[in-house]
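Spelled out from the first residue to the last, the chains are:
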Amino acid sequence: MLLALDDALSTAVLAGRGADAEIFGVIDLTSKIEARIGPISLGRAIQFVANASVLAYDVRGAMVLYGLPGTPSLRKWDCDRLWAQYRGASLQADVSQPL
């Protein structure tokens, strides 16, 4: 059952990877304050959260919000898994491109 949920999440995220997203809960480790991340595409948000530690950000409590109200947010582990599985495909906004 969990695999089916993961597949459904992956499908939904990949379908909306060009949609606007916002990231909350990112801490800049140099200033120790929450960083403001402006609206970006969902694919770029996934990439940022998955790779933020090398950029001196703490994203353990990060949430990526996208889609219509009520759409489940993505957490750090979701972004890590999606980035590991799809990498660059998660950045391509054209859904006609093969994965």
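The structure under discussion appears in the preceding block.
Since we're looking at a predicted model, the values are computed, not measured.

## Regarding the nonpolar core
For step 1, the next point in the chain: Core analysis: the largest hydrophobic core is formed by 22 residues, its most contacted members being I23, V26, L42, I46, F48, V64 and L74.
For step 2, the next point in the chain: Of all the elements in the fold, those that place two or more residues in this core are β1 (20-24), α2 (42-51), β6 (63-66) and α3 (76-86).
For step 3, the next point in the chain: Not counting the four nearest positions on each side in its chain, V26 is found in contact with I33, E34, A35, I37, F48, Y57, D58, V59 and A62.

## Digging into the sheet that holds strand β2 (residues 27-28)
For step 1, the next point in the chain: Across the sheet, which stays open at both edges, the three strands sit in the order β3-β2-β5 with antiparallel pairing between neighbours. Each edge of the open sheet carries a strand with a single partner, namely β3 (33-34) and β5 (57-58).

## Thoughts on the pattern of salt bridges
For step 1, the next point in the chain: The final tally for this structure, using the stated rule, is two salt bridges.
For step 2, the next point in the chain: For D58, the salt bridge goes to R60, with nearest N and O atoms at 2.6 Å.
For step 3, the next point in the chain: Judged by relative accessible area, which is 72%, R60 ranks as exposed.
For step 4, the next point in the chain: Residue K76 pairs with D80 through a salt bridge whose shortest N-O separation is 2.7 Å.

## Some thoughts on the pairing of β6
For step 1, the next point in the chain: Alternating positions in β6 separate cleanly, V64 and Y66 being buried on one face and M63 and L65 remaining unburied on the opposite face.
For step 2, the next point in the chain: Strand direction decides the pairing type here: β1 and β6, joined by four bridges, are antiparallel. Looking at the pairing, E22 lines up with L65 of β6.

## Looking at unusual backbone geometry
For step 1, the next point in the chain: In this structure, K32 takes a positive phi of about 65° despite not being glycine.
For step 2, the next point in the chain: If you trace the backbone, K32 turns up in the loop between β2 and β3.
For step 3, the next point in the chain: Unlike most non-glycine residues, A56 shows phi in positive territory, near 65°.
For step 4, the next point in the chain: Considering the arrangement of structural elements, one finds A56 in the loop between α2 and β5.
For step 5, the next point in the chain: According to the relative accessible area criterion, A56 is partly exposed, its value standing at 29%.

## Considerations on the environment of A21
For step 1, the next point in the chain: Tracing the backbone shows A21 in strand β1.
For step 2, the next point in the chain: A residue is classified by how much of its surface remains accessible, and A21, at 2% relative accessible area, is buried.
For step 3, the next point in the chain: The residues touching A21, leaving out its near neighbours within four places in the chain, are G38, P39, I40, S41, L42, A45, V64, L65 and Y66.

Rules and cut-offs
Residues numbered from 1 in each chain as written. Predicted model: local features only at pLDDT ≥ 70, side-chain atom pairs only at ≥ 80, totals over all residues. Heavy atoms only, no water. Core = buried A, V, L, I, M, F, W, Y, C linked by side-chain atoms within 4.5 Å. Buried < 20%, exposed > 50% of the residue type's maximum accessible area, 1.4 Å probe, protein only. Helix = DSSP H or I, 4+ residues; strand = E, 2+ residues; numbered from the N terminus. Contact = heavy atoms within 4.5 Å. Pairing = 2+ DSSP bridges. Salt bridge = Lys/Arg side-chain N within 4 Å of Asp/Glu carboxyl O.

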